[in-house]
Amino acid sequence: MQSLDKCQIIDLPKIRDYRGNLTFIEGDKHIPFDIKRVYYLYDVPGGSERGGHAHRNLSQLMIAISGSFDVILDDGATSKRVTLNRPYHGLYICPMIWRELENFSSGAVCLVLASNLYSEEDYYRSRDEFLKSIK
Ligand code: TYD
């Protein structure tokens, strides 16, 4: 399977309730990795872009907890654009995928669950370096 094909939307559990809905995520159960780190992007100015890197070993799940944004995923050969706009949809991103985030709606919050602690050594910040490494 191409690595881009592994990057799919995961339908997360949703407990519907007239008092408000609830979604939960358990590592290694609803998503294919244990959760070591959580971070979130918020207060993103209109027109701003995030991402612009790939990870050597990190797996991630990205969720539009509020609002919407687009994620462009690229394995060096092909790319696809995924719009996230539901808090019960998680986009699984496997290692070695270049990603860009754009089209953030006003008030959008991007929650990211990650398989490991923050490590700058795990990043490809240069697209040329990323492309060279997958050849
Ligand atoms: P970065 O991953 O480049 O953000 P984006 O995903 O939008 O491209 O991270 C931005 C800055 O935040 C960078 O200096 C590293 C720092 N950072 C941490 O210190 N810990 C973290 O868990 C993350 C994700 C980033």
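Nothing here was measured: the structure is a model prediction, and the numbers come from that model.

Draft legend 1. View of the nonpolar core. Core analysis: the biggest nonpolar cluster contains 29 residues, and Leu61, Met62, Phe69, Val71 and Leu73 have the highest contact counts within it. Of all elements in the fold, only strand 6 (60-66), strand 7 (69-74), strand 8 (79-84), strand 9 (89-93) and strand 11 (109-114) reach the threshold of two or more residues within this core. Leave out the neighbours within four places in its chain, and Met62 touches Phe69, Val71, Leu84, His89, Gly90, Leu91, Ile93, Arg99, Leu101, Cys110, Leu111 and Val112.

Draft legend 2. Structural view of the pairing of strand 7. Along strand 7, six of the six residues are buried, which leaves the element largely enclosed by surrounding structure. Residues Phe69, Val71 and Leu73 of strand 7 are buried on one face, and the alternating residues Asp70, Ile72 and Asp74, pointing to the opposite face, are buried as well. Judged from the six bridges that link them, strand 7 and strand 8 form a sheet pairing that is antiparallel. Across the sheet, Phe69 pairs through a bridge with Leu84, a residue of strand 8. In this structure, the hairpin formed by strand 7 and strand 8 is closed by a connection of four residues, where Gly76 is found at a positive phi of approximately 95 degrees. The pairing of strand 7 with strand 10 (residues 98-102) spans five bridges and is antiparallel. Bridge pairing in strand 10 links Ile72 to Glu100.

Draft legend 3. How the structure looks around the pattern of salt bridges. This model, assessed by the stated rule, comprises seven salt bridges. Glu26 is the partner of Lys29 in a salt bridge, and the nearest nitrogen-oxygen pair spans 3.5 Å. For Lys29, a relative accessible area of 61% gives the class exposed. The shortest N-O distance in the salt bridge between Asp74 and Arg127 comes to 2.6 Å. Of the two residues, Asp74 is situated in strand 7 and Arg127 in helix 2 (residues 127-134); the sequence distance between them amounts to 53 residues. With relative accessibility at 11%, the residue Asp74 sits in the buried group. Given the relative accessible area of 31%, Arg127 is considered partly exposed.

Draft legend 4. Representation of the pairing of strand 5 (residues 50-55) within the structure. Across three bridges, strand 5 lies against strand 10 in antiparallel orientation. Paired with Arg50 across the two strands is Leu101, which belongs to strand 10. As judged from the two bridges shared by strand 5 and strand 12 (residues 123-124), these two strands associate in the antiparallel manner. By the bridge assignment, Ala54 is partnered in strand 12 with Tyr124.

Analysis parameters
Residues numbered from 1 in each chain as written. Predicted model: local features only at pLDDT ≥ 70, side-chain atom pairs only at ≥ 80, totals over all residues. Heavy atoms only, no water. Core = buried A, V, L, I, M, F, W, Y, C linked by side-chain atoms within 4.5 Å. Buried < 20%, exposed > 50% of the residue type's maximum accessible area, 1.4 Å probe, protein only. Helix = DSSP H or I, 4+ residues; strand = E, 2+ residues; numbered from the N terminus. Contact = heavy atoms within 4.5 Å. Pairing = 2+ DSSP bridges. Salt bridge = Lys/Arg side-chain N within 4 Å of Asp/Glu carboxyl O.

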